[in-house]
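Breakdown of the fold
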Amino acid sequence: MYIFLMPLLIGFIFNSLSAFTCYLSQRLGERNGRVACIILRDVLGIPMWAIGYAMAENAASSLIYTPLWFISVLAGLLMLAGAASIIIGLASIAGRAFAPSTKDTLVSSGIYAYIRHPLYSGLMLELAGLFLYIPKTTVLIACLLGFGWVLIQSRLEEYDLVIRLPAYHEYMLRIPRFVPNVGKRKVD
């Protein structure tokens, strides 16, 4: 029943290793460090944890509750909002998400003017929606692990970004990590 944990956790580990762009680029050279990040994140990490989530959804597990129609609608809205946050975030940073480099520049416009990690915020919304839509024990465990991984991964990436982009430290002080300050006006 818990075999889904293997690819899920292995995917998280590979993904987390890709957060060390600066270290990998120093050890392997700029080009090879970038290729290592691509392989760790895009070839190994994301596909492995996606397989883990698919296995959690399909695992024999009892429902925690029977979803009512309005919970299913809420789940769909959360997943759509998460997907929108991810798509907008990816469009704002272009190839930096897929192939990070020590030559990247800080993006602090668009959605990044309001939130530091729209991709992870979107993923957390999608995970919440996934659990509401498929309220199985295995899905709950996978989603909780995903939330924990997002918290760790965002910190690892921020550590790397402060080294690669010195302006990132000041950016961290102004912009919230996961939830935008909707009541505050953006000051530039």
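Heads up: these notes are all about the structure in this document. (Residues numbered from 1 in each chain as written. Predicted model: local features only at pLDDT ≥ 70, side-chain atom pairs only at ≥ 80, totals over all residues. Heavy atoms only, no water.)

**Focus on the overall build of the protein**
Of regular secondary structure, the protein possesses 7 helices and 0 strands. In the protein, the succession of α and β elements from N to C terminus is α-α-α-α-α-α-α. Principal-axis analysis of the C-alpha atoms gives the protein an extent of 50 × 40 × 20 Å. Looking at the protein residue by residue over its 188 residues, the buried ones come to 41%. A separation threshold of at least 6 residues defines the contact pool for the protein, and within that pool the share at least 24 residues apart is 79%. For the protein, the accessible surface area stands at approximately 10,100 Å², while carbon and sulfur atoms represent 72% of it. Averaging the positions of the 15 positive and the 10 negative side-chain charges in the protein gives two centres separated by 3 Å. (Helix = DSSP H or I, 4+ residues; strand = E, 2+ residues; numbered from the N terminus. Buried < 20%, exposed > 50% of the residue type's maximum accessible area, 1.4 Å probe, protein only. Contact = heavy atoms within 4.5 Å. Areas by Shrake-Rupley, 256 points an atom, 1.4 Å probe, with all protein chains shown as cover. Lys, Arg positive; Asp, Glu negative; His and termini not counted. Charge placed at Lys NZ, Arg CZ, Asp CG, Glu CD.)

**Remarks on the packing of helix α2 (residues 21–28) against helix α3 (residues 30–58)**
As a packed pair, α2 and α3 sit with axes 7 Å apart at the nearest point and diverge in direction by 135°. With respect to α3, the element α2 is oriented oblique. For the pair α2 and α3, the crossing hand works out as right-handed. Across the interface between the two elements, Thr-21, Leu-24, Ser-25 and Leu-28 from α2 touch Glu-30, Asn-32, Gly-33, Arg-34, Ala-36, Cys-37 and Leu-40 from α3. (Axes fitted to C-alpha atoms, helices over the stretch in contact; angles between N-to-C directions. Parallel < 35°, antiparallel > 145°, perpendicular 65-115°, else oblique. Left-handed = near helix turned anticlockwise from the far one by under 90°.)

**Notes on the packing of aromatic side chains**
Each aromatic ring pair is summarised here by two numbers: the centre-to-centre distance and the angle between the ring planes. Under the counting rule described, the total for this entry stands at 9 aromatic pairs. Residues Phe-12 and Trp-149 carry aromatic rings whose centres are separated by 4.9 Å and whose planes lie at 5° to one another, so their mutual orientation is stacked. Of the two residues, Phe-12 is situated in helix α1 (residues 5–17) and Trp-149 in helix α6 (residues 137–164); the sequence distance between them amounts to 137 residues. Exposure remark for Phe-12: the relative accessible area of 6% places this residue in the buried category. A relative accessible area of 6% places Trp-149 in the buried class. (Phe/Tyr/Trp six-rings, centres within 6.5 Å; stacked < 30°, edge-to-face > 60°.)

**Brief notes about the nonpolar core**
Leu-8, Trp-49, Tyr-53, Cys-143, Trp-149 and Val-150 are the most contacted members of the largest nonpolar core, which totals 19 residues. Mapped onto this core, the elements with two or more residues apiece are α1, α3, α5 (118–133) and α6. Apart from the residues lying within four places of it in its own chain, the contact partners of Cys-143 are Tyr-53, Leu-127, Leu-130 and Phe-131. (Core = buried A, V, L, I, M, F, W, Y, C linked by side-chain atoms within 4.5 Å.)

**Digging into the packing of α2 against α6**
Put simply, α2 and α6 touch, their axes get as near as 8 Å, and they point 60° apart. It follows that α2 is oblique to α6 by the angle criterion. The residues of α6 that touch α2, namely those facing Thr-21, Cys-22 and Tyr-23, are Asp-160, Ile-163 and Arg-164. Across the contact of α2 with α6, the residue classes break down as 3 nonpolar, 1 polar and 2 charged. (Nonpolar A, V, L, I, M, F, W, Y, C, P; charged D, E, K, R; others polar.)

**Details of the side chain of Lys-136**
Of note, Lys-136 is situated in the loop between α5 and α6. Salt bridges are absent for the buried Lys-136, whose nearest opposite-charge side chain, Glu-57, sits at 8.0 Å. Here Lys-136 is in contact with Ala-56, Glu-57, Asn-58, Ala-59, Ser-61, Ser-62, Leu-63, Ile-64 and Phe-131, once residues within four sequence places are set aside. (Salt bridge = Lys/Arg side-chain N within 4 Å of Asp/Glu carboxyl O.)

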